[in-house]
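Summary of structural features
Here is what each chain is made of, one letter per residue.
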Amino acid sequence: MTRITGVSLRRVLDSRGNPTVEADVLTESGGFGRGAAPSGASTGEYEAIELPANESIAAAREHAVPRLEGVYAGDQRAVDNALRAADGTDDFSAIGANSAVAISMAAAKAAADVLGAPLYQHLGGAFRGENFPIPLGNVVGGGEHAKEATHIQEFLAAPVGAPSVSEAVFANAAVHAAVADVLDERGVPAAKGDEGAWAPPISDADAFDVVDEAVDRVEEEVGFEIRFGLDMAAAELYDDDEGAYVYGDETKSTGEQIDYVASLVDEYDLAYVEDPLDENDYEAFAELTDRVGDRTLICGDDLFVTNVERLREGIDTGAANSILIKPNQIGTLSDAFDAVELASRNGYETVISHRSGETEDTTIAHLAVATDAGFIKTGTVGGERTAKLNELVRIADDAV
Ligand SMILES: O=C(O)[C@@H](CO)OP(=O)(O)O
Ligand SMILES: [Mg+2]
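Everything quoted here is computed from the prediction, not taken from an experiment. Along each chain, residues carry numbers from 1 onward, in the same order as the chain's sequence is written. To label them, take the chains in the order written and letter them from A, then take the ligands in the order written and number them from 1. Residues qualify for local features only when their pLDDT is at least 70, as the model is predicted, and side-chain atom pairs are given and counted only at 80 or more; totals for whole chains, interfaces and linings, by contrast, use all residues. Each side-chain value is worked out from all heavy atoms of the structure, with water and hydrogens disregarded.

1. Details of the UniProt feature "active site" (unreviewed entry) in the chain
The line we're drawing: UniProt positions are given in the numbering used here, feature names are shortened, and annotations may be inferred rather than shown by experiment. Only heavy atoms enter the contact rule, under which two residues are in contact if any of them lie within 4.5 Å. Accessibility here uses a 1.4 Å probe with only protein chains present; expressed as a share of the type maximum, an area under 20% marks a residue as buried, one over 50% as exposed, and anything in between as partly exposed.
The feature "active site" (unreviewed entry), as annotated in UniProt, sits at E195 and K326 in this numbering. Contacts of E195, omitting those with residues within four sequence positions, involve N138, H145, E154, H354, R355, S356, V381 and R385. Classification of K326 by relative accessible area gives buried; the value is 5%. Ignoring any residue separated from it by four or fewer positions in sequence, one finds K326 in contact with D301, T306, S353, H354 and R355.

2. Quick word on unusual backbone geometry
Which entries qualify depends on this criterion: Labels follow the DSSP assignment, with helices taken as runs of H or I lasting at least four residues and strands as runs of E lasting at least two, numbered in each case from the N terminus.
Positive phi, close to 40°, is recorded for D275, a residue that is not glycine. Given the relative accessible area of 2%, D275 is considered buried. In this structure, D372 takes a positive phi of about 60° despite not being glycine. Structurally, D372 is set in the loop between α14 (363-370) and β16 (375-377).

3. Considerations on the nonpolar core
Operational definition: Nonpolar cores are built from buried Ala, Val, Leu, Ile, Met, Phe, Trp, Tyr and Cys residues. Side-chain atoms within 4.5 Å join them into one set. Where each domain starts and ends follows an automatic or database-derived domain assignment.
The biggest cluster of nonpolar side chains holds 83 residues, and the ones touching the most others in it are F155, V175, V179, F208 and I352. A total of eight residues in this core trace back to one element, the largest contributor, which is helix α6 (residues 165-185). When residues of this core are assigned to domains, at least three map to each of domain 1 (4-116) and domain 2 (134-396). Membership of the second largest hydrophobic core comes to 30 residues, among which are V21, A48, A102 and A110.

4. Side note on the coordination of the magnesium ion (ligand 2)
In plain terms, the rule: Distances decide who is a donor: an N, O or S atom must be within 2.8 Å of the metal, or within 3.2 Å for Na, K and Ca. Water is not included, so sites may look incomplete.
Looking at the magnesium ion (ligand 2), one finds its protein donor set to be D231 (OD), E274 (OE) and D301 (OD), positioned 2.0 to 2.2 Å from the metal centre. In the primary structure, the donors to the magnesium ion (ligand 2) are separated according to the pattern D-x42-E-x26-D. Pair noted here: E274 is in strand β12 (residues 272-274) and D301 is in the loop between β13 (297-300) and α11 (308-317), with a separation of 27 residues, a long-range link. Of the two residues, E274 and D301, neither departs from the other in class, the shared state being buried.

5. Some details on the site of ligand 1
We apply this condition: For each residue, the test is whether any non-hydrogen atom lies within 4 Å of the molecule or strand; if one does, the residue is near. The definition of a polar contact used here is a pair of N or O atoms within 3.5 Å, where within protein one atom must be able to donate a hydrogen and the other to accept one, and adjacent residues in sequence count solely through side-chain atom pairs. Calculation of accessible area relied on Shrake-Rupley with a 1.4 Å probe; when residues are assessed, cover is drawn exclusively from the protein chains displayed.
Around ligand 1 lies a shell of 16 residues, among which A41, E154, E195, S356 and K377 are the nearest. Contact distances for ligand 1 include 2.8 Å between an oxygen atom and a side-chain N or O atom of H145. Within the side chain of D231, an N or O atom sits 3.1 Å from an oxygen atom of ligand 1. For ligand 1, whose accessible area on its own is 310 Å², the fraction buried by protein is 100%.

Below, the structure written as C-alpha cells:
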C-alpha cells in the first residue's frame with residue numbers, strides 16, 4: 001500500500017534566501033510526504049556533497065526518481081538504498097545530498113501519512129513520545145554565521161533542569177531576550193546572525209560574560225537550572241599552514257586550545273562544547289575528552305559528520321563523548337539512524353541538529369523524539385527555528 005508512485009522535486013527558498021531542494025513523495029494509497037534540505041555555512045570537510053539546487057534536482061530526476069517508483073515508502077532502508085544506488089558514489093556527489101535527504105525525509109513522512117501515525121512513531125516505534133530532548137538554543141554567535149561578531153560560532157543556552165520540553169523552549173527564548181537586555185544595558189548594538197542568534201561586535205570574553213549574566217537572570221525567573229554551552233566550530237578557526245587556532249590577531253597552539261577550552265568548561269560550568277578542535281585532530285579531541293569529559297559533553301560535528309566510519313574512529317581513540325546528527329551531512333535518514341545507534345551503543349550522547357540555512361521542515365524534531373536523543377540543537381527564535389521547536393511542543397501535547 002505504501003508503494004511510491006511519484007516523486008516531485010522543486011527549488012524553494014531557504015532561510016538565507018538561497019535555493020534549496022524540496023521533495024514531494026506520493027504513494028499508491030494516497031499517502032503524501034514533503035521534505036526540504038537544509039544547508040550549512042560552516043560545513044565539515046568530510047560531509048556528503050550538496051550540489052547547486054537546480055543541478056541536484058536535474059540529476060535526481062534522471063537517476064533517482066525512476067528507481068524509486070514502486071519502492072515501499074515504509075521501508076526506509078529500501079528507499080535510502082535506492083538513493084545510494086542511483087547516486088553510485090560514497091558522498092552523494094552525483095545526485096547531491098540535498099536531493100537525497102529531501103527525498104529520504106519525504107518518503108518517511110509519506111509512510112507515516114499512510115499509517116496515520118506521527119512521524120516520530122513511524123520512525124521510532126510505539127514506545128517513543130515519552131522522552132524529549134533538551135533544546136540547545138543559540139543566543140549569541142559569530143564565526144561563519146555572522147561577520148564582525150564573536151570568533152566562537154555559537155553560545156547555546158542549555159535548560160538542563162527544565163521540567164518539560166515546552167518550558168525548556170520558552171526558557172531559551174527568554175535567555176535570547178535577556179541577552180538583548182544585557183547588550184542594551186551595556187550600549188552594544190547587535191544584529192542577528194544566520195540562525196537568529198544575536199551577533200554583537202564584542203570579544204569572546206565579553207560574550208561569555210553577557211551570556212552568563214543572561215542565563216543567571218532567566219534561571220532566577222524560571223526556577224530551574226539553565227547552563228550554557230558552545231559550538232566553537234574550531235575547524236573554521238584552525239589554520240593548516242600556521243598549525244594554530246586563529247582568533248583575530250591572536251593564535252593558539254593545539255595545546256593552548258585544549259587548555260583554553262578546559263578552563264572555559266570549569267569557569268562557566270559549560271554543559272556542552274561542540275567542535276572545540278580541528279576536524280582532523282582525533283588525538284586532541286581525545287586529550288580534551290579525557291580532561292573534561294566527566295563533566296561536560298564534548299561533541300563532534302565536523303569531526304564525525306554523522307558518518308559511522310568517522311564515529312568508529314572516534315570511539316576507538318576516545319575522541320569526544322557525543323555526536324551531532326545532521327541528516328544532510330550524510331544524505332539519508334537510514335545513515336543518520338545508523339550513526340545514532342552506533343553512538344548510543346557506545347555511550348555517546350546524541351544531539352540532533354539543524355543547519356544554519358533552514359526551511360520550515362520539522363523532520364529533525366521527530367527524529368530527536370524517535371531516537372530518544374538527549375539534545376536537539378535547532379535555534380531559539382525565527383520561523384524556520386520555531387517550526388521545529390513548536391513541533392516538539394505539539395508532539396509533547398499529542399497534537400501532531
Ligand atoms: O556548525 C553547526 O553546528 C551548524 C548548525 O548550527 O552550522 P552550519 O549549518 O553552518 O554547519
Ligand atoms: Mg557545529
